[in-house]
Structure formats: structure tokens, C-alpha cells
Amino acid sequence: MKSATPSDWHLPKRNPSAHTFEMRFTSTPRGARLARRLVFHRLHEWGHPYDGTLNETVTLIAAELAANAVRHGHVPGRDFHLRLVAAPDGVRLEVSDTRGKRLPEARPLRDPATDESGRGLLLVEAPAERWGVEPRSPGKCVWADARLSPATPR
């Protein structure tokens, strides 16, 4: 796992001049789809085209983390929160839910041919520079960093 502490990647925490997008979503499949779509569009607005590598990578990660927040982090009556922050060398995505008892961890598939679940964090781990989990009150925040490579078009 490429996990690290969030301080390993120096993003502006609450810098108003940085590109930041934050929103709460209903903890439903519809909320997860909306979160993914808004990440996709926001990155395009920030200069990362729809068909660009960074946009595709972060949108994939957003889809998985939002779906996990709904499926595994759902607490009745509580929403999940998504935060997207652009830095000069990449993007950080954070998805927070209010269920702290179920912490995500990447695990190998027992039988890739027949396992119907368990691939989610593999979809985050593969394209992300690093990812991790932080406790918060209440719940947890799962974050992932995606970096611009020198060849990545802006």
C-alpha cells in the first residue's frame, strides 16, 4: 500500500487562493454519482480536461471512495463529505463519513475469478500516488493524492 500521512504531501489546508471544492452529499447511490460527476466537472474547470489523465484518475478514485462511503460508511441520517484540493503538482481528494468502526484496508482478492467484491481499494491504490485513512470525530476520512506527471497535459 502506498499509504502515508497526509502531512507528507504539502497541500494548502484552507488557502482561499487554492482551488478547493467541498460539498456534503446524501449517503445514497445517487449522492455518490453526483459527487463523482461534480469532481469530473470541477477538475475540467480547473484546467484538467475531461479526457486528461489526471481528471480520469481522480474521477475514478472519487467514484470508488464515494461508493465506499455510501456502502460501508453509511450511518442513517448522516451525509458524507467530499473535499477536492488542487496543488501545483497534483490533486488531493478526501471523502469523510461518520462511521469510524469500519476502517478501509487494501487486501488481496482470494479468488480474482469469482470474488464479487473487494476490488475497490485496489482501484484507488493503483492510480493514486498514495492514500490513507485518518480518524475524525465522528468517523473517518479516506484520502488519496494524484500527482501530475511531467507528461500529463494540463
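Everything discussed here concerns the structure shown above.
Residues numbered from 1 in each chain as written. Predicted model: local features only at pLDDT ≥ 70, side-chain atom pairs only at ≥ 80, totals over all residues. Heavy atoms only, no water.

Draft legend 1. Quick peek at the nonpolar core. Ranked by internal contacts, the top residues of the largest apolar core, which has 30 residues, are V39, V58, L65, F80, L82, L84 and L93. Elements that contribute at least two residues to this core include exactly β1 (20–25), α1 (29–45), α2 (53–71), β2 (80–87), β3 (90–97), α3 (120–125) and β5 (140–147). Ranked by the residues each element gives to this core, the list is headed by α2, at eight residues. Leaving out residues up to four positions away in the same chain, L65 has contacts with L93, V95, L121, V124 and V142. (Core = buried A, V, L, I, M, F, W, Y, C linked by side-chain atoms within 4.5 Å. Buried < 20%, exposed > 50% of the residue type's maximum accessible area, 1.4 Å probe, protein only. Helix = DSSP H or I, 4+ residues; strand = E, 2+ residues; numbered from the N terminus. Contact = heavy atoms within 4.5 Å.)

Draft legend 2. Molecular detail of α1. In this model, α1 (17 residues) spans 25 Å end to end at C-alpha, consistent with the 24 Å of a helix rising 1.5 Å per residue. Three or more residues of α1 are buried, namely G31, A32, A35, V39 and L43. Projected down its long axis, α1 carries its buried residues within an arc of 100 degrees, all on one side. Facing away from the buried side of α1 by more than 90 degrees, the exposed set consists of P29, R30 and E45. Packed against the buried residues of α1 are β1, α2, β2 and β3. Immediately downstream of α1, the backbone of G47 shows phi near 100 degrees, a positive value. (Expected span 1.5 Å × (residues − 1). Arc of directions from axis to C-beta.)

Draft legend 3. Examining unusual backbone geometry more closely. The omega torsion across S137 and P138 is -5 degrees, close enough to zero to call that bond cis. Looking at the secondary structure, you find P138 in the loop between β4 (130–135) and β5.

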